[in-house]
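Notes for the structure review
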Amino acid sequence: MKIFEVLNKYDIKTEELESFTSRREAFKKLTNFGKSVAFAAIPVGILAASTQKVSAAHIPTVLNVLNFALTLEYLEGEYYTMGINSPNLIPAGKDRAIFETIEKHEVDHVAFLKKAIMSYGGTPVAKPTFDFTVGGAFSPFTNYEQFLILAQAFEDTGVRAYKGQAGNLIAENDALTAALQIHSVEARHASEVRRLRGLKGWITQAERGAGMPEVTQAVYNGEDNLIQGGVNVTTVTPIGSDGITEAFDEPLTRDEVLTIAGLFIVAA
Amino acid sequence: MSKQTTSEDLVPMLGLQKVGDRRNFLKFSGAAIASTGILLSGCQEVFEELPNARKTGKGQEVRAVPLGKGDIGILNYAYALEQLEAAFYLMVVANMYAGISPSEKVMMEDIKNHEVAHRDFLKAALGKNAIIDLSFDFSSVNFNERSSVLATAKTFEDLGVAAYNGAGQLLESADYLLIAGKIVSVEARHAAAIRSILDADPRSFAGADVIDANGLDRAFSPTMVLEMAAPFITNKIIANQLPTS
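Predicted model, so just to flag it, every value in this text is computed and none were measured.

Cut-offs applied
- Residues numbered from 1 in each chain as written.
- Chains lettered and ligands numbered in written order.
- Predicted model: local features only at pLDDT ≥ 70, side-chain atom pairs only at ≥ 80, totals over all residues.
- Heavy atoms only, no water.
- Helix = DSSP H or I, 4+ residues; strand = E, 2+ residues; numbered from the N terminus.
- Buried < 20%, exposed > 50% of the residue type's maximum accessible area, 1.4 Å probe, protein only.
- Contact = heavy atoms within 4.5 Å.
- Areas by Shrake-Rupley, 256 points an atom, 1.4 Å probe, with all protein chains shown as cover.
- Buried area = accessible area lost by both parts, 1.4 Å probe.
- Salt bridge = Lys/Arg side-chain N within 4 Å of Asp/Glu carboxyl O.
- Polar contact = N/O pair within 3.5 Å; in protein donor to acceptor, adjacent residues only side chain to side chain.
- Nonpolar A, V, L, I, M, F, W, Y, C, P; charged D, E, K, R; others polar.
- Phe/Tyr/Trp six-rings, centres within 6.5 Å; stacked < 30°, edge-to-face > 60°.
- Lys, Arg positive; Asp, Glu negative; His and termini not counted.
- pLDDT = per-residue confidence, 0-100.
- Core = buried A, V, L, I, M, F, W, Y, C linked by side-chain atoms within 4.5 Å.
- Axes fitted to C-alpha atoms, helices over the stretch in contact; angles between N-to-C directions.
- Parallel < 35°, antiparallel > 145°, perpendicular 65-115°, else oblique.
- Left-handed = near helix turned anticlockwise from the far one by under 90°.

This paragraph deals with the overall build of chain B. In terms of helices and strands, chain B carries seven helices and four strands. Each helix (α) and strand (β) of chain B, taken in turn from the N terminus, gives the series α-α-β-β-β-α-α-α-α-α-β. The buried share of chain B, reckoned over its 245 residues, is 58%. Taking the intrachain contacts of chain B between residues at least 6 apart in sequence as the baseline, contacts between residues at least 24 apart amount to 75%.

This is the structure:
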């Protein structure tokens with residue numbers, strides 16, 4: 001799939017990273033860590049950077065993850081922008097307020113990730129060309145029910161995608177924290193869209209939920225996992241397996257996510 | 001720092017110093033670790049009674065609780081928060097607020113189940129390193145009143161999200177980071193659902209009070225989170241050994 005090649009092309013070589021420390025500082029400024037009260041107690045900034053081993057070896061991995069995330073945010077951002085600009089699609093009032101909120105966040109994520117990638121010395125991937133009808137199989141911009149179906153699939157996928165990448169950012173604290181901060185926003189969106197569709201905000205077993213077409217099942221496969229960190233959770237709690245599977249969201253690999261997203265990408 | 005957790009890694013993680021301790025620990029729990037991956041049944045000293053124990057209103061002594069250090073400390077921090085949430089929702093479902101709708105009843109039952117599952121899982125994962133059962137003070141909550149219950153739930157869920165978001169970078173083990181990631185998104189799903197039924201503004205599920213101009217949710221340090229949770233926790237939580245970066 002072409003999207004894989006494009007993402008890999010943007011991997012950068014370690015030797016290209018000359019002023020790594022200054023880039024890390026640029027990223028800190030970008031996220032405004034230390035400025036807002038909310039983040040004041042998190043020890044980042046010059047002090048933290050000076051104690052952290054300055055090594056650029058992991059930066060290609062970090063950039064790879066950020067460009068992967070950017071691709072997903074392009075997809076979500078364009079989807080919701082097209083949705084809110086489609087006449088007579090989203091009902092006025094509550095629904096419109098919800099999707100305007102989600103659209104704003106996804107567009108903000110695109111802008112944020114582009115800046116983050118550049119602050120690490122990378123080049124943001126270009127926005128792919130999307131076809132949200134998947135060759136005419138869906139009509140999300142004229143049929144609100146279908147708009148909601150794809151929104152749920154995108155948000156639940158987004159949650160799993162970020163979760164799957166957290167480990168790849170473990171050596172770069174600021175990028176990891178920012179990714180987690182996006183991850184939980186995607187989860188808030190997912191919960192809200194699911195509830196708007198009459199479902200629970202959480203995923204039971206590996207169920208895609210009422211009204212979701214079979215083609216979206218890949219988004220939910222594996223959510224029925226009961227083993228966490230080697231512990232079979234059914235053996236340590238009286239809570240039933242439905243509750244346990246709801247209580248733990250599962251990751252997707254990059255390839256699994258790109259296979260799902262690739263359905264909507266015409267040209268990368 | 002990225003690495004896979006092995007039984008060798010657990011030794012420094014647990015703060016073991018004596019060679020004898022280390023040998024016994026490996027002998028004792030090596031098999032358990034091999035079979036369970038991350039199960040942390042170790043040999044860390046049982047916490048001694050500490051002089052700065054608090055007294056409850058009834059004069060009953062409540063122990064101070066050190067969370068420990070390294071990844072164990074962070075997991076105990078998460079375990080303390082999950083104990084708090086589980087205790088709260090157990091009280092909510094034991095005495096559902098007046099006028100609760102059938103769908104809200106299901107939501108409260110579901111969230112209770114999730115928080116109990118998180119709590120029980122973390123306790124099992126921590127094994128002998130787990131902190132004690134904490135005592136809680138929910139006297140500020142009127143469990144008969146919808147707005148009081150849901151406002152408290154909103155506080156706890158948003159706090160949980162910010163806590164896990166801030167704690168991720170403090171973990172050394174990618175395995176624990178993944179587990180924290182699996183839990184935090186469920187807390188965020190809860191937060192959105194509670195906000196959606198409590199607040200009149202339909203934007204509240206991801207409101208501008210929690211999401212910044214970059215579209216990022218909040219991330220709090222353990223110190224901040226524990227300060228905010230302190231009014232609800234009777235025990236004094238000692239977090240001074242937690243990692244800070």
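Attention now goes to the overall build of chain A. If you tally the helices and strands in chain A, you get nine helices and four strands. Reading the helices (α) and strands (β) of chain A from amino to carboxyl end gives α-α-α-α-α-β-α-α-β-β-α-α-β. Per-residue burial over chain A gives 59% buried out of 268 residues. Across chain A, contacts joining residues at least 24 apart in sequence account for 76% of those joining residues at least 6 apart. Surface exposure of chain A reaches about 10200 Å², of which carbon and sulfur atoms provide 55%.

A word on the interface of chain B and chain A. Across the boundary between the two partners, chain B contributes 65 residues, which contact 67 residues of chain A. Counting each side, the surface lost to burial between chain B and chain A is near 5300 Å², with a carbon and sulfur contribution of 62%. There are six salt bridges connecting chain B and chain A. Note that R189 of chain B is salt-bridged to D249 of chain A, the shortest N-O span being 2.8 Å. For the interface between chain B and chain A, the tally reads 24 residue pairs in polar contact (both at pLDDT 80 or more). Among the elements of the structure, α4 (102-126), α5 (146-167) and α6 (174-198) of chain B are those that each provide at least two residues to the side of chain B that touches chain A. The biggest single contributor to the side of chain B that touches chain A is α6 of chain B, with 19 residues. A breakdown of the residues in the side of chain B that touches chain A according to their chemical character gives 35 nonpolar, 20 polar and ten charged.

Turning to the packing of aromatic side chains, a few remarks are in order. Here the distance between the centres and the angle between the planes together describe a pair of aromatic rings. All names here are of chain A. The full count for this structure, using the stated rule, is 26 aromatic pairs over all chains. Pairing F132 with F141 gives two aromatic rings, centres 6.0 Å apart and planes at 90°, and the pair type is edge-to-face. The same class applies to F132 as to F141, namely buried. Between F141 and F147, the aromatic rings sit 6.5 Å apart at their centres with planes inclined by 55°, giving tilted as the arrangement. The residues F141 and F147 share a single accessibility class, namely buried.

So, on to the side chain of E157 of chain B. Looking at the secondary structure, you find E157 of chain B in helix α5. Despite its burial, E157 of chain B pairs with no opposite charge, the nearest such side chain being R188 of chain A at 8.6 Å. In this structure E157 of chain B touches E85, Y89, I111, E115, E187, H190, A191 and I194 of chain B, once residues within four positions along its chain are discounted.

Moving on: the confidence of the model for chain A. Residue and element names in this part refer to chain A. With 79% of its residues at a pLDDT of at least 70, chain A reaches an overall mean of 87. Low pLDDT, under 50, characterises residues 12-18; the predicted model gives this stretch 14 contacts beyond four residues in sequence or across chains. For the stretch residues 33-54, pLDDT sits under 50, and the model shows 41 contacts to residues farther than four places along the chain or on other chains.

Our focus in this paragraph is the environment of D133 of chain B. All names here are of chain B. Here D133 is to be found in the loop between α4 and α5. When the C-alpha positions of D133 and V65 are compared, they lie 9.7 Å apart, and in sequence the two are 68 residues distant. Leaving out residues up to four positions away in the same chain, D133 has contacts with Y79, Q83 and K123.

Y79, F99 and F147 of chain A together with Y77, F88, M108 and F138 of chain B are the most contacted members of the largest nonpolar core, which has 147 residues in total. Tallying contributions element by element places helix α3 (residues 70-94) of chain B first for this core, with 15 residues.

All right, on to unusual backbone geometry then. Residues and elements named next belong to chain A. Even without a glycine there, the phi angle at N88 is positive, about 60°. With respect to the helices and strands, N88 occurs in the loop between α4 (59-84) and α5 (94-119). In this structure N88 comes out as exposed when scored by relative accessible area, which is 82%. Phi is positive for V134, close to 50°, though the residue is something other than glycine.

We now examine the confidence of the model for chain B. Residue and element names in this part refer to chain B. Averaged over every residue, the pLDDT of chain B is 83; the share at 70 or more is 75%. Confidence drops under pLDDT 50 across residues 1-52; counting only partners more than four residues distant or on other chains, this segment forms 92 contacts. Complex prediction metrics read pTM 0.84 and ipTM 0.88.

Right, let's talk about the packing of α3 of chain B against helix α7 (residues 222-229) of chain B for a bit. Residue and element names in this part refer to chain B. Running from N to C, α3 and α7 point in directions that differ by 25°, and their axes come no closer than 12 Å. It follows that α3 is roughly parallel to α7 by the angle criterion. The two elements α3 and α7 cross, and the hand of that crossing is left-handed. The residues of α7 that touch α3, namely those facing Y77, L81 and L84, are P222, V225, L226 and A229. In terms of residue class, the contact of α3 with α7 is made up of seven nonpolar, no polar and no charged.

A few words on the pattern of salt bridges. For the structure shown, the criterion picks out 20 salt bridges over all chains. Where E78 of chain A meets K127 of chain A, a salt bridge forms, and the shortest distance between an N and an O atom there is 2.8 Å. Residue E78 of chain A is located in helix α4, and its partner K127 of chain A is located in the loop between α5 and β1 (129-130); the two are separated by 49 residues in the primary sequence. Assessed through its relative accessible area of 45%, K127 of chain A is described here as partly exposed. The partner of D133 of chain B in a salt bridge is K123 of chain B, and the shortest N-O contact between them spans 3.7 Å. Here the residue D133 of chain B occupies a position in the loop between α4 and α5, and K123 of chain B occupies one in helix α4, the gap between them amounting to ten residues. Look at D133 of chain B and you get exposed, because its relative accessible area is 52%.

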